[in-house]
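A closer look at the structure
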Amino acid sequence: MGLPLIDEHHQQLRSIAGEVAHICASEEFLALKSELELLYRMAGAEEPARLAFQDALYTLLNDKSDGA
């Protein structure tokens, strides 16, 4: 029995998932998310935890794409 055939789209998704998992497990991400969540709570934002997660992830993905 051979290895299953995996298409290019699947490989791209696995790569993206790996990058996101690596970022989300990093100390830099966790610290930024915590700081943003505190700021968002103090500002009275709706869903501060979700918003902080989203913004921290976006920031670090953007930094990675810029070569930082």
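Residues numbered from 1 in each chain as written. Predicted model: local features only at pLDDT ≥ 70, side-chain atom pairs only at ≥ 80, totals over all residues. Heavy atoms only, no water.

Thoughts on unusual backbone geometry
Of note, the phi angle at Glu47 is positive, near 50°, even though the residue is not glycine. Note on placement: Glu47 falls in the loop between helix H2 (27–42) and helix H3 (48–65). (Helix = DSSP H or I, 4+ residues; strand = E, 2+ residues; numbered from the N terminus.)

Some words on the environment of Leu32
Take Leu32: it is sitting in helix H2. Leu32 sits in the partly exposed class, given a relative accessible area of 22%. Every residue in contact with Leu32, bar those within four places of it in the chain, is listed here: Ala56 and Thr59. (Buried < 20%, exposed > 50% of the residue type's maximum accessible area, 1.4 Å probe, protein only. Contact = heavy atoms within 4.5 Å.)

A short note on the environment of Arg41
Relative to the helices and strands, Arg41 resides in helix H2. Separated by 11 residues in the primary sequence, Arg41 and Ala52 have C-alpha atoms spaced 9.6 Å apart. In this structure, Arg41 is in contact with Pro48 and Ala49, ignoring residues within four places of it in sequence.

Here's the deal with the confidence of the model for the protein
Here the protein shows a mean pLDDT of 91. Residues at 70 or above account for 91%. Considering each helix and strand of the protein separately, the mean pLDDT is smallest for helix H1 (residues 8–24), with a value of 91, and largest for H2, with 98. (pLDDT = per-residue confidence, 0-100.)

Observations concerning the pattern of salt bridges
Per the stated rule, a full pass over the model turns up 2 salt bridges. A salt bridge links Arg41 to Glu37; its shortest N-O distance comes to 2.5 Å. Remark: Glu37 and Arg41 occur in helix H2; sequence separation between them is 4 residues, near one turn of the helix. Assessed through its relative accessible area of 17%, Glu37 is described here as buried. Salt-bridge contacts for Glu47 lead to Arg50; the nearest nitrogen and oxygen are separated by 3.3 Å. On the accessibility criterion, Arg50 (41% relative accessible area) is partly exposed. (Salt bridge = Lys/Arg side-chain N within 4 Å of Asp/Glu carboxyl O.)

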